[in-house]
Amino acid sequence: MEYTIIRVYRVPAGSQVQATNRFMEAVELGVEHDYLVRDYVKGPVGETNRISPLRSVSWWALVRRQLLGR
């Protein structure tokens, strides 16, 4: 069986280049999950698509995660 996993990120920026640079910095620092919006998991042919919902995170939790690196 083979599954397809798609990760959707939302990065605030003024242009596509700025968004790419900001996201690449986040990847290098290991905090790209701060921009993660949703994961889509598509099953094998013949199975229905599954969407795994993520719980929303408060802005304070995001700030704490960025400052403490947790």
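Residues numbered from 1 in each chain as written. Predicted model: local features only at pLDDT ≥ 70, side-chain atom pairs only at ≥ 80, totals over all residues. Heavy atoms only, no water.

Trainee: Honestly, the packing of aromatic side chains in this entry has me stumped. Any pointers?
Mentor: Here the distance between the centres and the angle between the planes together describe a pair of aromatic rings. In this structure the tally under the stated criterion is 1 aromatic pair. Each ring, one from Y9 and one from F23, has its centre 4.7 Å from the other, and the planes form 55°; the classification is tilted. Here Y9, found in strand β1 (residues 4-9), pairs with F23, found in helix α1 (residues 16-29); they are 14 residues apart in sequence, far enough to count as distant. (Phe/Tyr/Trp six-rings, centres within 6.5 Å; stacked < 30°, edge-to-face > 60°. Helix = DSSP H or I, 4+ residues; strand = E, 2+ residues; numbered from the N terminus.)

Trainee: Would you mind showing me how to read the side chain of D34 here?
Mentor: Counting through the fold element by element, D34 comes out in the loop between α1 and β2 (36-42). Discounting chain neighbours no more than four positions away, the residues touching D34 are L62, R65 and Q66. (Contact = heavy atoms within 4.5 Å.)

Trainee: Would you mind showing me how to read the environment of V63 here?
Mentor: Position of V63 among the secondary structure elements: in helix α2 (residues 59-68). Measuring from C-alpha to C-alpha, the distance between V63 and D34 comes to 9.4 Å, with 29 residues separating the pair along the chain.

Trainee: Would you mind showing me how to read the pattern of salt bridges here?
Mentor: Pairs can form between side chains of opposite charge once their charged atoms are near each other. Within this structure, the stated rule accounts for 1 salt bridge. In this structure, R7 and D39 form a salt bridge, with 2.8 Å as the shortest nitrogen-oxygen distance. Residue R7 is located in strand β1, and its partner D39 is located in strand β2; the two are separated by 32 residues in the primary sequence. You can call R7 partly exposed: its relative accessible area is 44%. On the basis of relative accessibility, which here comes to 14%, the residue D39 falls in the buried class. (Salt bridge = Lys/Arg side-chain N within 4 Å of Asp/Glu carboxyl O. Buried < 20%, exposed > 50% of the residue type's maximum accessible area, 1.4 Å probe, protein only.)

Trainee: I would appreciate a short explanation of the confidence of the model for the protein in the present structure.
Mentor: Predicted coordinates in areas of low pLDDT are best not read in detail. Mean pLDDT for the protein: 82, with 80% of residues reaching 70 or above. Within the protein, the element-level pLDDT minimum falls on strand β3 (residues 50-52), averaging 56, and the maximum on α1, averaging 94. (pLDDT = per-residue confidence, 0-100.)

Trainee: I keep staring at a nonpolar patch on the surface and nothing clicks. Help me out?
Mentor: On the surface, a nonpolar cluster with roughly 390 Å² of combined accessible area is contributed by M1, Y3 and I5. Note on placement: Y3 falls in the segment before β1. (Patch = residues over 30% accessible without salt bridge, like charges linked within 9 Å, V, L, I, M, F, W, Y side chains within 5 Å. Areas by Shrake-Rupley, 256 points an atom, 1.4 Å probe, with all protein chains shown as cover.)

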